[in-house]
Amino acid sequence: MLLGVAVVLGTLLLLWGADRLARWGAESVLARGIQQATGVAERPTVQVHGTFFLAQAVQGRYDDVEVSLDVVSSGPMSVDAVTARLNGVHVSFHDLLVQDTAPVWVERSVTEAFLGYDDLNRYLEVTGRPVTVGAAPGGEVRLTGTVGLLGRPVSASALADVSPRDGTLAVSPRALDTGTPLDAAGEALLGQRFEFLVPLDLLPFGQELAAIETTEDGLVLGVRGTDVVVRP
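Quick caveat: nothing in here was measured; it's all calculated off a predicted structure.

A. Representation of unusual backbone geometry within the structure. The backbone of Ala81 sits at a positive phi, close to 50°, despite the residue not being glycine. Residue placement: Ala81 occurs in strand S3 (residues 77-90). Given a relative accessible area of 46%, Ala81 falls into the partly exposed group.

Right, here's the structure in full:
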């Protein structure tokens, strides 16, 4: 009886160890692949959830994966505190065994990222837009700036609407305040100078901007994706 119990316990320990080793290997492969795809300096934190991992590993499909990145940058654009929940992550058992960072197919993703006003204003400055973004009372967003209009500089401010537009963040002014009267053509031209789009293609798992929350320091962006391919 003691020998039988010892055999059972030993088998369970071996299975537990193999499960932990396979889980660690999958997390390592995914972390390296995401780091190569995004170019981040620090390796992302990856957690593969699920009680019995070996079955997922052999199948080559992980039901629930959580990813965290501190900062993601692309050119002049940068976002912070990127967290993603990935469902249906496909990594072949062969790639897991050889630790190969091949392209990864993700069935569905939900990502949240923080776009601070400081980072957004740096992007606007680098791209040559004479507009500054900041918080306004009541959870609003305010634009301020001085632009050239019909041969003379015009300073203005306005509350702005932020909304998704074809995978980008659209910032549009409303009720521009210049302190001086403008005709209809001048107001329309000024509104165009204050309107801009922010690309979000730097987010590795995002395709569709689904939610925007304003805070005192920036914008919290909720992004969804379907059939996303992460290429190292």
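B. Spatial organisation of the pattern of salt bridges. Taken as a whole and assessed by the stated rule, the structure comprises ten salt bridges. Here Arg174 makes a salt bridge to Asp161, at a shortest N to O gap of 2.6 Å. Note that Arg174 is positioned in strand S8 (residues 168-177) and Asp161 in strand S7 (residues 152-165), a separation of 13 residues in sequence. Bridged by salt links that share partners, the residues Arg61, Asp63, Glu107 and Arg108 form one connected network.

C. The sheet that holds S3, seen in detail. One open sheet holds the six strands; their spatial order is S1-S2-S3-S4-S11-S10, and the pairing between them is antiparallel. Sheet topology places strand S1 (45-48) and strand S10 (208-214) at the edges, where each strand pairs with a single neighbour. Each neighbouring strand pair of the sheet contributes to a mean axis angle of 15°, computed without reference to strand direction. Bridge count for S1 against strand S2 (residues 61-74) is four bridges, and the pairing is antiparallel. Its bridge partner lying in S2, Thr45 is registered against Ser68. Strands S3, strand S4 (104-116) and strand S11 (218-230) of the sheet are contacted by helix H4 (residues 117-126), whose axis makes an angle of about 95° with S4.

So, how was this worked out
- Counting restarts for each chain, with residues numbered from 1 along the sequence as it is written.
- Confidence filtering applies because this is a predicted model: local features only for residues at pLDDT of at least 70, side-chain atom pairs given and counted only at 80 or more, and all residues used for totals across whole chains, interfaces and linings.
- Hydrogens and water molecules were not included; the side-chain quantities draw on all heavy atoms of the structure.
- Secondary structure follows DSSP: runs of H or I at least 4 residues long count as helices, runs of E at least 2 residues long count as strands, and numbering of each begins at the N terminus.
- Only protein chains enter the calculation, and the probe is 1.4 Å; a residue is then buried if its accessible area is under 20% of its type maximum, exposed if over 50%, and partly exposed in between.
- The term salt bridge refers to a pairing of a side-chain nitrogen on Lys or Arg with a carboxyl oxygen on Asp or Glu at a separation within 4 Å.
- At least two bridges found by DSSP between two strands are what make those strands a pair.
- For helices, the fitted axis covers only the stretch in contact; all axes are lines through C-alpha atoms, and the angles between them, taken along N-to-C directions, range from 0 to 180 degrees.
- Residue contacts are counted whenever heavy atoms from the two residues lie within 4.5 Å of one another.

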